[in-house]
Amino acid sequence: MKKFIAKLSILGGLYLGMVCLFLVMSAQENWSTPIEVLTKSEEFAYGNFGAREIVPYIERVQEKNDYTKLVIGDSVCNQIFNRYYEQNDIYCICGSNQAISLAGQYILAEEFVQNHEEVTDIYLVIIMDSLTTDFGAQLGYQYAVMPFVETDTIDNLDADTRREMYDMYGWFFCQKPIVELIDKSPLNTKLYLNFMYKKEKVFPHKREGLISGVAYRHLEKMHSLCEEKGINLHLTPGPHADLKEQHKMEEVMRRELAANGDPLGMKAYFDSITYYPEELFRDRVHFDEKKLSDDFFKELAKSILPEIEVE
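In this report, the structure presented in the accompanying data block is examined. All figures in this text were calculated on a predicted structure; none of them were measured in a lab.

The next subject is the overall build of the protein chain. Scanning the protein chain from N- to C-terminus turns up 14 helices and six strands. Reported as C-alpha extents along the three principal axes, the dimensions of the protein chain are approximately 80 × 45 × 45 Å. Within the protein chain, buried positions represent 47% of all 311 residues. At a minimum sequence separation of 6, the contacts of the protein chain that also span at least 24 residues come to 77%. Total accessible area computed for the protein chain in this model is approximately 16300 Å², and 55% of it derives from carbon and sulfur atoms. Computing the positive centroid from 33 side-chain charges and the negative centroid from 50, the protein chain places the two 10 Å apart.

Right under this line is the structure:
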C-alpha cells in the first residue's frame, strides 16, 4: 500500500510539473501562439489592451522634462485631449482608462510629481462612472494591477489598498513574475480570468454606496499629495450624455455626499457637469467623432484647459 501511494505521489508530482512547464512555455515568445491556437485562447491574445495600453502612460509621466501641469483621467479624457499631446510643452496629457480606477490615477499623479520639479497643476478629468470603479474581477486585474505591478509602481499605493487587491485577486497573482507569466500568455490569461469570473459568481464582491471606497480614498490621497507639494488639484467632470441614467447617477451620488459629508469638495464637481445630446455619442459614453468637427474638440479642450495648444 505504501509503495502504491509513493508511486501515485510521484505520478501526481510529474503530472503537476508537466502542467506547470506547459503554462510557463505558453508565455514564451516561440510557443505562445501555437499554444494559444491549440487551447482555443485566441480571444485573449489582446493587442493594445490592459498593461500594454497603460504602461506607455506610466512611462510618459516618468519622463524627465519641463512639463508643469498634468492631465489624467479616463477614456473620455483621452478622447478629448490625447490628440493634442505632441503639441503641448505645458500639459503632460495622460488620459487613459476608467478601469485603472482612481488608485491607478493616483499612481500616475505620484509618478509625475516624483519626476518633475515644478509641478503647478494636476487636472483629473473623469466622468461619473469613474467614481464608481473599484477593483473589478476582470478589467480591474488587467488594468489596475498588471501595468503597475509590471512597472514596479504598485508600491505607491498604501498597504491597506494593496491588501484589498490581494483579497480580490490573491497575493500570489499580484507578484511580478506571476503577473508577467499571465500577461504574456493568452492561455494563462484565459485560465486566470475564467477562475476570477467563477469566483465572483460564488463570492460576489460587496460594496457600500455608488461612489467606491477606492475613489474616496485616492481622491483624498491626491488632495494630500497636492497640498503637501503646493500643487493645484482640479477635479473636473468630463462631458456626459443627457440620459436619464446619468441624471439618476448624479442624484444618487449627491445624496451619498450629503449623507457622508463632503470634505473633498466634490459637490463642485457635480455642479460643473455639462450634459450633451445623446445623439452626439457613439456608445452613450464617448463622442461619435464622425458627427463632430475638429473645431468642436478644440473648443471643448480649451474650455477645460485654458492654456492648451490645439492647432
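Let us look at the sheet that holds strand β2 (residues 91–95). With respect to topology, four strands assemble into an open sheet ordered β2-β1-β3-β4, the strand pairing being parallel. Each edge of the sheet is formed by a strand with only one pairing partner; in this case those strands are β2 and β4 (232–237). The average angle at which neighbouring strand axes cross in this sheet is 15°, direction not considered. By the bridge criterion, five bridges tie strand β1 (residues 69–73) to β2 in an arrangement that is parallel. By the bridge assignment, leucine 70 is partnered in β2 with cysteine 92. Along the sheet face, helix α5 (residues 101–115) touches β1, β2 and β3 (121–126) and points at about 165° away from the line of β1.

This part covers the side chain of serine 101. As for its placement among the helices and strands, serine 101 is situated in helix α5. By relative accessible area, serine 101 is classed as buried at 1%. Only 3.1 Å separates the side chain of serine 101 from the backbone nitrogen of alanine 103, close enough to count as a polar contact. When near neighbours in sequence (up to four residues on either side) are disregarded, serine 101 contacts Thr133, Asp134, Phe135, Ala144 and Val214.

Scoring rules and cut-offs
Residues numbered from 1 in each chain as written. Predicted model: local features only at pLDDT ≥ 70, side-chain atom pairs only at ≥ 80, totals over all residues. Heavy atoms only, no water. Helix = DSSP H or I, 4+ residues; strand = E, 2+ residues; numbered from the N terminus. Buried < 20%, exposed > 50% of the residue type's maximum accessible area, 1.4 Å probe, protein only. Contact = heavy atoms within 4.5 Å. Areas by Shrake-Rupley, 256 points an atom, 1.4 Å probe, with all protein chains shown as cover. Lys, Arg positive; Asp, Glu negative; His and termini not counted. Charge placed at Lys NZ, Arg CZ, Asp CG, Glu CD. Pairing = 2+ DSSP bridges. Axes fitted to C-alpha atoms, helices over the stretch in contact; angles between N-to-C directions. Polar contact = N/O pair within 3.5 Å; in protein donor to acceptor, adjacent residues only side chain to side chain.

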